[in-house]
Structure formats: structure tokens, C-alpha cells
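# Residue-level structural notes
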Amino acid sequence: MSVQTNYTVYIRKEIVGNLYGLTYTNTDRESAKAAGLVMWGQGVKRGTTERSCAQGGVVGGTLYGIAIRSINREENTRPGDGTVSYKQNEEVAVLREGTIAVMAKSAVTKDGKVYVDDATGEFYGAAGTGRTLALNARFERTNGAGEITLVNITRALQFEAA
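This text gives an overview of the structure that appears in the document. On a predicted model such as this, the values are computed, not experimentally measured, just so you know.

Here we take up the nonpolar core. Membership of the largest hydrophobic core comes to 18 residues, with the highest contact counts inside it found for Leu63, Ile66, Ile100, Val116, Phe123 and Val151. When residues of this core are traced back to their parent elements, those giving at least two are β5 (91–103), β6 (113–117), β8 (131–139) and β9 (148–153). What isoleucine 66 contacts, discounting residues up to four positions off in sequence, is Gly41, Gln42, Gly43, Val44, Ala93, Val94, Leu95, Ile100, Val102, Phe123, Val151 and Ile153. With twelve residues, the next largest nonpolar core counts Val38, Val44, Tyr86 and Val94 among its residues.

This next bit is on the side chain of asparagine 143. Looking at the element boundaries, asparagine 143 is found in the loop between β8 and β9. Separated by 3.2 Å, the side chains of asparagine 143 and arginine 141 make a polar contact. Looking at asparagine 143, its side chain comes within polar contact range of the side chain of glutamate 147, at 3.1 Å. Aside from chain neighbours lying at most four places away, what touches asparagine 143 is Ser106, Ala107, Val108, Ile148 and Thr149.

Locating serine 106 in the fold gives a position in the loop between β5 and β6. Look at serine 106 and you get buried, because its relative accessible area is 16%. For serine 106, the side chain forms a polar contact with the main-chain nitrogen of glycine 125, separated by 2.9 Å.

Before going further, it helps to spend a moment on the pairing of β9. Taking burial as the measure, the six residues of β9 include five buried ones, the bulk of the element. Two elements, β5 and β9, share six bridges in a ladder whose sense is antiparallel. Looking across to β9, one finds that methionine 103 is bridged to isoleucine 148. Of the strand pairs in this sheet, β8 and β9 are connected by three bridges, and their pairing is antiparallel. Bridging from a neighbouring strand, phenylalanine 139 pairs with valine 151 of β9.

Right, let's talk about the pattern of salt bridges for a bit. Overall, the coordinates contain four salt bridges when judged by the stated rule. Between glutamate 122 and lysine 105 there is a salt bridge, with its nearest N and O atoms 3.7 Å apart. Of this pair, glutamate 122 sits in the loop between β6 and β7 (123–124) while lysine 105 sits in the loop between β5 and β6, placing them 17 residues apart in sequence. With relative accessibility at 38%, the residue lysine 105 sits in the partly exposed group. Between arginine 138 and glutamate 140 there is a salt bridge, with its nearest N and O atoms 3.0 Å apart.

The topology assignment puts glutamate 147 in the loop between β8 and β9. The exposure class of glutamate 147 is partly exposed, given its relative accessible area of 37%. Linking glutamate 147 and serine 106, residues 41 residues apart in sequence, is a C-alpha distance of 8.7 Å. Setting aside residues no more than four positions away along its own chain, glutamate 147 makes contact with Val102, Met103 and Ala104.

Rules and cut-offs
Residues numbered from 1 in each chain as written. Predicted model: local features only at pLDDT ≥ 70, side-chain atom pairs only at ≥ 80, totals over all residues. Heavy atoms only, no water. Core = buried A, V, L, I, M, F, W, Y, C linked by side-chain atoms within 4.5 Å. Buried < 20%, exposed > 50% of the residue type's maximum accessible area, 1.4 Å probe, protein only. Helix = DSSP H or I, 4+ residues; strand = E, 2+ residues; numbered from the N terminus. Contact = heavy atoms within 4.5 Å. Polar contact = N/O pair within 3.5 Å; in protein donor to acceptor, adjacent residues only side chain to side chain. Pairing = 2+ DSSP bridges. Salt bridge = Lys/Arg side-chain N within 4 Å of Asp/Glu carboxyl O.

What follows is the structure in C-alpha cells.
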């Protein structure tokens, strides 16, 4: 009789904005009102009003958080085009510490530096125009551009400024 070594039938594929693995017990999550459209799985910065956040990048070397996916959101348009986000003034679940699935916009490497687009909050593995190094985040594995990868974010700095 053969031995089963692969248990994938009930294991869901990674989805951008989902927390990774069994991290629910050691994550630090907050909520904030969206200052505009906020896409999950992308970096957010503090908004200009109290307890708010805006899609975007790193401020002072630190990425404030990453928007967590919410399954109870409707599509942004009718008929739907598949785009779902937090809309202005909705509560956004923000991961401040833990591991989350994101879309790699360029090739990334395990334990590599995370560069965040200042306007969109998208994640890159290399410096470029409009991107800032997040000293409190790192990639958890190697992936190519356009692939789902993992980012670990902490409140402590993981890298020194270049």
C-alpha cells in the first residue's frame, strides 16, 4: 500500500492580500479608514487625518503596513471587471507585523530588500524611480516578476539604510 505524502486537496492557493500560513496568532493588525481607493496586498501609509491610511509607500524608511484582503467586498464596477478594493472611508485591515502574499512587480529574492512604489504601494526587488526601500520588510522567497510572493513586515528595522 502506498503512503500519501502530498496533502493539497484542502490547501488553497495563495491569493494577494491573504495572510500566509498559520500567522493569525502572531500578527499585529489594525484598522484605518481609507483616504481613497486602497488595493489589498499593497503597501499603505498613514493618512493625513486621524486613524486613516492611503495607498502608497515608505515614509521615513518605514512601511506603515500592507492592506489585508477582505472577502466581503463587492467589485468596484458594475458589470464587474474583477477589481475589488477598499473604497474611501471604508475600514481597511492593515497588517503591521507578519507575513502576507503580495504581487512581485519585479524579480525578488529570499531575504531580499523590499522597495515600495511611493504612489501605488506595489512591491519591487530593486531600486527604481518612485520607489523607496522599506527598512522594516523583506521578501520571504525568490520569485519572478508578476508572481505572487511573500513579504514579512515588522515594526523593527530589518535592514540598515544604504
